[in-house]
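# Coordinate analysis (summary)
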Amino acid sequence: MEFIQFWRKYSKVADRETRSVTLFEDNAWRLPPGTYGLVESFCIDDACDCCKVMITVVSFESVRHEVVATIGYGWETAAFYTAWMLGDEARGVMLTGSYLELGAEQSRQSNAWLQLWNDLILPDEEYRDRIRRHYGMFKSIAI
């Protein structure tokens, strides 16, 4: 599966709706202070309905917008992903919920970012709905 950033298809929406996080000194996750963007990417295969997003966490403090974590999030059930993975139950479970994307760019801070994602970002139902809406827009399907 090849993923591309949501903003490549919907730059105006992404400008308004890309989530960011500002961290201060001595935060609960022991992450460096600064502002970080949560850049959404979706699968470009029109025939694929994987119901997942890759979130690339980028530092706005660095000139090159350094990637500090790449988080996968699948919002469907383990049964859905097991069927999607042609019966591979272990991979189906792995794709459910939040995880660090294997083979994607990570940093020494990635595990802390996954924890922050699970503690602070994922509980926000409005944001989860926004991700699913962006997925529907990207895939040109009604969600």
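Being a predicted model, the structure only gives us computed values, none of them experimental.

### Things to note about the packing of aromatic side chains
All told, the structure shown has 10 aromatic pairs when counted by the stated rule. Centre to centre, the rings of Tyr-73 and Trp-75 are 6.0 Å apart; their planes meet at 45°, and the pair counts as tilted. An identical accessibility class is assigned to Tyr-73 and Trp-75; each is buried. Each residue in the set Phe-6, Tyr-10, Phe-42, Tyr-73, Trp-75, Trp-117, Tyr-127, Tyr-135 and Phe-138 is aromatic and connected to the rest through ring pairs, giving one cluster. The ring centre of Phe-138 lies 4.5 Å from the NZ or CZ of Lys-9, which sits over that ring. Sitting above the plane of the Tyr-127 ring, Arg-19 keeps its charged end 4.9 Å from the centroid.

### With respect to the pairing of strand β5 (residues 67-74)
With eight of eight residues buried, β5 is to be regarded as a mostly interior element. Where strand β4 (residues 52-59) lies against β5, seven bridges are found, and the strand directions are antiparallel. Directly across from Val-57, in β5, lies its bridge partner Ala-69. In this sheet, strand β6 (residues 97-100) lies alongside β5 in antiparallel orientation, the contact comprising four bridges. Directly across from Gly-74, in β6, lies its bridge partner Gly-97.

Conventions we followed
Residues numbered from 1 in each chain as written. Predicted model: local features only at pLDDT ≥ 70, side-chain atom pairs only at ≥ 80, totals over all residues. Heavy atoms only, no water. Phe/Tyr/Trp six-rings, centres within 6.5 Å; stacked < 30°, edge-to-face > 60°. Buried < 20%, exposed > 50% of the residue type's maximum accessible area, 1.4 Å probe, protein only. Lys NZ or Arg CZ within 6 Å of the ring centre and 35° of its normal. Helix = DSSP H or I, 4+ residues; strand = E, 2+ residues; numbered from the N terminus. Pairing = 2+ DSSP bridges.

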